[in-house]
Amino acid sequence: MKGLLSVRELGPDELRTMIKEASGIRDLIDRGEDHEPVLQGRCVANLFFEPSTRTRLSFELAAKRLGAHVLTLNPATSSGSKGESLRDTVLTIAAIGADVMVVRHVDQGVPQSVAEWTGLAVVNGGDGTHEHPTQALLDAVTLWRHFEHFDGLRVGLVGDIAHSRVAGSLVPVLSRLGMDLTMVAPEGWLPAETPHRTSTDLDAVIPELDVVYLLRVQTERGGRITDSYIGNFQLDEHRLARMSQDAVILHPGPMNRGVEISDDVAESSRSLVTEQVRNGVPTRMAVLRAVGWRS
Ligand code: CP
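Not measured: the values here are computed from a predicted model. What you see as residue numbers is a count from 1 along each chain, following the sequence as written. Predicted model: local features are reported for residues with pLDDT of at least 70 only, side-chain atom pairs are reported and counted for 80 or more only, and whole-chain, interface and lining totals are derived from all residues. Hydrogens and water molecules were not included; the side-chain quantities draw on all heavy atoms of the structure.

A. Layout of the overall build of the protein chain. In terms of regular secondary structure, the protein chain is built from eleven helices and nine strands. Against the globule reference of 19 Å for 295 residues, the protein chain gives a C-alpha radius of gyration of 19 Å, in line with a compact fold. The C-alpha extent of the protein chain, read off along each of the three principal axes, is 55 × 45 × 35 Å. For every residue, the accessible area (1.4 Å probe, protein chains only) is compared with the maximum for its type, and the residue is labelled buried under 20%, exposed over 50%, or partly exposed between those bounds. Taken over 295 residues, the protein chain has a buried fraction of 54%. Throughout, a contact is declared for two residues whenever any of their heavy atoms are within 4.5 Å. A sequence separation of at least 24 residues applies to 74% of the contacts in the protein chain between residues at least 6 apart. The helix count covers DSSP runs of H or I at least four residues long, the strand count covers runs of E at least two residues long, and both are numbered beginning at the N terminus. Throughout, radius of gyration means the C-alpha value; the globule benchmark is 2.2 Å times the number of residues raised to the power 0.38.

Structure representation (structure tokens):
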């Protein structure tokens with residue numbers, strides 16, 4: 001695999017293989033065993049031009065667990081603040097010795113540009129409102145480990161779909177794996193065209209779902225938090241009580257408690273949010289392993 005810019009590069013069989021590999025790595029980590037250092041001597045550069053906690057730190061640990069060296073750029077203290085262009089910055093980091101770059105940027109398409117400029121393996125760590133491939137993969141790993149199958153799982157994607165790069169990757173991944181998607185949002189946040197079911201009425205669809213996947217309102221990308229949104233779409237204890245008995249809650253984080261999820265529901269045993277985070281490192285190990293030793 002030469003980088004991972006979009007989940008659309010992965011067909012159903014490749015997705016299933018990657019998910020099972022990531023799940024196997026998770027088992028290994030849980031047993032307290034080390035992974036073979038297959039990226040020994042390689043260098044993974046984390047270039048996060050937008051804030052991140054989960055993605056940046058889990059890529060860092062994933063690279064270290066595979067034996068790679070890790071470079072982490074801090075945009076606030078790097079020479080971009082003195083006027084260096086993005087292209088010059090990434091070419092400089094390539095010349096320093098990076099073999100793989102993980103790139104997050106506010107603008108769609110920057111990871112693709114970095115791949116073209118450097119010729120290196122680039123993993124998209126989230127670009128604008130476009131895609132967040134490893135988030136969708138770790139979510140699929142989480143569902144696989146919980147349900148032990150994908151076929152026909154009824155997943156409701158709830159919230160700010162319009163501004164969400166997580167949705168940009170999650171929709172193709174979950175549908176390629178055979179899940180049944182319903183997009184649930186206020187009218188303005190639903191896609192204009194989609195082959196999937198849409199609804200503006202969370203209360204009507206919530207009893208039918210196996211998975212309630214909540215999205216953060218992306219205020220940094222134009223999403224607006226309103227009382228009407230909170231009243232009609234927040235997953236609170238009343239809506240939780242109407243979910244099917246075995247249904248679970250996912251959220252990519254960071255959660256806006258009191259907006260898309262209430263405090264008590266965030267702490268509920270039905271939430272797999274911590275599992276999602278735990279699956280982040282093994283999933284990123286599987287991705288780095290796939291791209292790192294051929295780049
Ligand atoms: N889910 C996610 O991308 O979180 P971070 O912004 O903390 O990386």
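B. Representation of the site of the ligand. Think of it this way: one heavy atom of a residue within 4 Å of a molecule or strand is enough to make that residue near it. Taken together, S52, T53, R54, T55, R104, H132, Q135, P252 and G253 make up the full set of residues adjacent to the ligand. A distance of 2.9 Å separates an oxygen atom of the ligand from a polar side-chain atom of R104. With a 1 Å grid spanning the protein atoms alone, the term cavity applies to any set of points in which a 1.4 Å probe fits but cannot get out, the term pocket to an open set with protein on both sides within 12 Å along at least five of seven lines, and the term lining residue to any residue with an atom within 4 Å of a point. To decide whether a molecule occupies a pocket or cavity, check its atoms: if more than half lie within 2 Å of the grid points, it is inside. Given that more than half its atoms are within 2 Å of the pocket grid, the ligand belongs to the largest pocket. Built from parts of two domains, the shell around the ligand gets at least three residues from each of domain 1 (7-131 + 278-292) and domain 2 (133-274). Throughout this description, a polar contact denotes any pair of N or O atoms lying within 3.5 Å of each other; where both atoms belong to protein, one of them has to be capable of donating a hydrogen while the other can accept it, and for residues adjacent in sequence the pair is counted only when both atoms sit in side chains. For each domain, the first and last residues come from an automatic or database assignment.

C. Up close: the sheet that holds strand β8 (residues 211-214). Here the rule is simple: two strands pair whenever DSSP picks up at least two bridges between them. Within the open sheet, the five strands sit side by side as β7-β6-β5-β8-β9. Their pairing is parallel. Taken across any chain shown, the strands that pair with only one partner, and hence form the sheet edges, are β7 (197-199) and β9 (248-250). Neighbouring strand axes in the sheet, compared pairwise and without regard to direction, differ in orientation by 25 degrees on average. Across the sheet, helix α5 (residues 133-147) is in contact with β8 and β9; its angle to β9 comes to roughly 165 degrees. For helices, the fitted line uses only the C-alpha atoms of the stretch in contact; every axis is such a line through C-alpha atoms, and the angle between N-to-C directions lies from 0 to 180 degrees.

D. The arrangement of the layout of surface pockets in detail. Estimates place the volume of the largest pocket at around 350 Å³. As for the largest pocket, its lining consists of 20 residues, of which R104, R165, R216, G253 and P254 are closest to the centre. Taken together, the residues that form the lining of the largest pocket break down as five nonpolar, eight polar and seven charged. Taken domain by domain, the makeup of the lining of the largest pocket includes at least three residues from each of domain 1 (7-131 + 278-292) and domain 2 (133-274). Approximately 270 Å³ is the volume attributed to the second largest pocket. Among the elements that make up the lining of the second largest pocket, the one with the highest residue count is helix α6 (residues 165-176) (five residues). Grid points are joined across faces, edges and corners, and a volume is the space filled by probe spheres set on the points. Side-chain classes are defined by residue name, with Ala, Val, Leu, Ile, Met, Phe, Trp, Tyr, Cys and Pro counting as nonpolar, Asp, Glu, Lys and Arg as charged, and the others, Gly among them, as polar.

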